[in-house]
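As a plain string of letters, each chain reads:
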Amino acid sequence: MNTPPPSPGHPPPGHHPAEDALLRHAAGTLPAGHALVVATHLRFCPSCRDGVRTGETTGGAILEDMAPADLSPGALDRAMARLDTAAVAAHAAPPVRFQGVALPAALGALLAPRWRWTGPGVRRIVLNPPGAARAERVWLLRVEPGRALPSHGHTGWEAACVLSGGFTDRTGHYERGDVAETDESARHRPIASRDEPCICLIAWMGPLTPRGVLPRLFQQLNGM
Ligand SMILES: [Zn+2]
């Protein structure tokens, strides 16, 4: 695993993946989306990186080959780059190289992933990590300050890592680098912090179970 850059000016995360998730990540048995969330957290979290390294050196064969379990080569960097791409896509940009051809920026922007309207104050970029199951959803989610997602439950696991901003739900308050993991027993209504947009990498398995007409419409529109 590449050594992540330091994160000057930011405290280390206070919410970590469950120990079982770290072990399964190291063993390569986490679902692709959940693995992407854990790998993203590791970029922010020295203590979990140390834990994984310790496991690698003492855990023998099951932990000796973390890189393939981690992600396909460059997948995380590509996912992170999508954030930057989306941020600049609407503005003047240098020519975009596509399959060896330099395209005008305006055309290149059509090829770049874009934030799509998902609901009031909510936008998303859909990611398709290699190896993801059909029932898995992996999104970059951007929620405007103070906005809430519809209250919903789950039919499978959900894992999220905050990339910027923060959110609060009934399980706690989460900021940059923090991981929130829930299962089918959880029902929650995440609310973005008021100071800046909350951008999360979020992955979940199986349909959500929204309650009420608007949340269900939200689900139907977005294939959630
Ligand atoms: Zn951690």
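Before reading on, note that the structure itself is shown above.
J.: Help me get a handle on the sheet that holds strand β9 (residues 172–175), residues and values and all.
T.: If you walk across this open sheet you meet the 3 strands as β9-β8-β12, and the pairing is antiparallel. Where the open sheet ends on each side, the last strands, each with one partner, are β9 and β12 (191–192). Where strand β8 (residues 166–169) and β12 come together, 2 bridges link them in antiparallel fashion. Its bridge partner being in β12, F167 is matched across the sheet by A192.

J.: Describe helix α1 (residues 19–27), listing the residues and the values that go with them.
T.: Among all positions of α1, only A21, L22, H25 and A26 are buried. For α1, the angular spread of buried residues about the axis comes to 135°, placing them on one side. Looking one or two residues beyond α1, the residue adopting positive phi is G28, at roughly 80°.

J.: Help me get a handle on the pattern of salt bridges, residues and values and all.
T.: Two side chains with opposite charge may pair up if their charged atoms get near one another. The tally for this structure, following the rule as stated, stands at 2 salt bridges. A salt bridge links E144 to R123; its shortest N-O distance comes to 3.5 Å. Of this pair, E144 sits in the loop between β5 (136–143) and β6 (152–154) while R123 is found in strand β4 (residues 122–127), placing the two residues 21 residues apart along the sequence. With relative accessibility at 24%, the residue E144 sits in the partly exposed group. Of the charged contacts in the structure, one is a salt bridge between E144 and R142, with a shortest N-O distance of 2.9 Å. Overlapping salt bridges bring together R123, R142 and E144 as one network.

J.: Describe the sheet that holds strand β14 (residues 208–210), and please don't skip the residues or the numbers.
T.: In spatial order, the strands read β11-β6-β14; together these 3 strands make up an open sheet with antiparallel pairing. Only two strands of the sheet have a single partner each, and these edge strands are β11 (187–188) and β14. Direction of pairing for β6 relative to β14: antiparallel, over a ladder of 3 bridges. Across the sheet, residue H154 finds its bridge partner in β14, namely L208.

J.: Describe the coordination of the zinc ion, listing the residues and the values that go with them.
T.: Every protein donor of the zinc ion is accounted for by H16 (ND1), H41 (NE2), C45 (SG) and C48 (SG), and the metal-donor separations fall at 2.0 to 2.3 Å. One can describe the site at the zinc ion as tetrahedral: its 4 donor atoms subtend angles covering 100 to 114° at the metal. Considered as a linear motif, the donors of the zinc ion on their single chain read H-x24-H-x3-C-x2-C. Each member of the pair, C45 as well as C48, is classed as buried.

J.: Requested: an account of the state of the cysteines, with residues and values cited.
T.: All chains considered together, the criterion is met by 0 disulfides. C200 supplies the cysteine sulfur nearest to C198, a cysteine that is in no disulfide, at a spacing of 3.6 Å.

J.: Hey, could you go over the packing of aromatic side chains for me, with residue numbers and the actual values?
T.: Scanning all chains against the criterion turns up 2 aromatic pairs. Ring centres of W139 and W204 lie 5.0 Å apart, and the angle between their planes is 80°; this geometry places the pair in the edge-to-face category. Here the residue W139 occupies a position in strand β5, and W204 occupies one in strand β13 (residues 198–205), the gap between them amounting to 65 residues. Judged by relative accessible area, W139 falls into the buried class, the value being 4%. Judged by its relative accessible area of 2%, W204 is buried.

J.: Outline the environment of V162, supporting the account with residue identities and numerical values.
T.: For V162, the position within the fold is in strand β7 (residues 158–164). Once the C-alpha coordinates of V162 and R176 are considered, the two residues, 14 residues apart in sequence, prove to be 4.8 Å apart. Among all residues touching V162, those that are not within four sequence positions of it are F44, F167, Y174, E175, R176, G177, D178, I199 and C200.

J.: Tell me about the side chain of D169, and please be specific about residues and values.
T.: Tracing the sequence through the fold places D169 in strand β8. Buried within the structure, D169 lacks any salt-bridge partner; its nearest side chain of opposite charge belongs to R170, at an N-O separation of 7.3 Å. A distance of 2.7 Å separates a polar atom in the side chain of D169 from a polar atom in the side chain of H188. In contact with D169, other than residues within four places in its own chain, are Y174, H188, R189 and P190.

Conventions we followed
Residues numbered from 1 in each chain as written. Predicted model: local features only at pLDDT ≥ 70, side-chain atom pairs only at ≥ 80, totals over all residues. Heavy atoms only, no water. Pairing = 2+ DSSP bridges. Helix = DSSP H or I, 4+ residues; strand = E, 2+ residues; numbered from the N terminus. Buried < 20%, exposed > 50% of the residue type's maximum accessible area, 1.4 Å probe, protein only. Arc of directions from axis to C-beta. Salt bridge = Lys/Arg side-chain N within 4 Å of Asp/Glu carboxyl O. Donors = N, O, S within 2.8 Å, 3.2 Å for Na, K, Ca; no water. Tetrahedral: all angles 85-135°; square planar, octahedral: opposite > 155°, others 65-115°. Disulfide = S-S within 2.5 Å. Phe/Tyr/Trp six-rings, centres within 6.5 Å; stacked < 30°, edge-to-face > 60°. Contact = heavy atoms within 4.5 Å. Lys, Arg positive; Asp, Glu negative; His and termini not counted. Polar contact = N/O pair within 3.5 Å; in protein donor to acceptor, adjacent residues only side chain to side chain.

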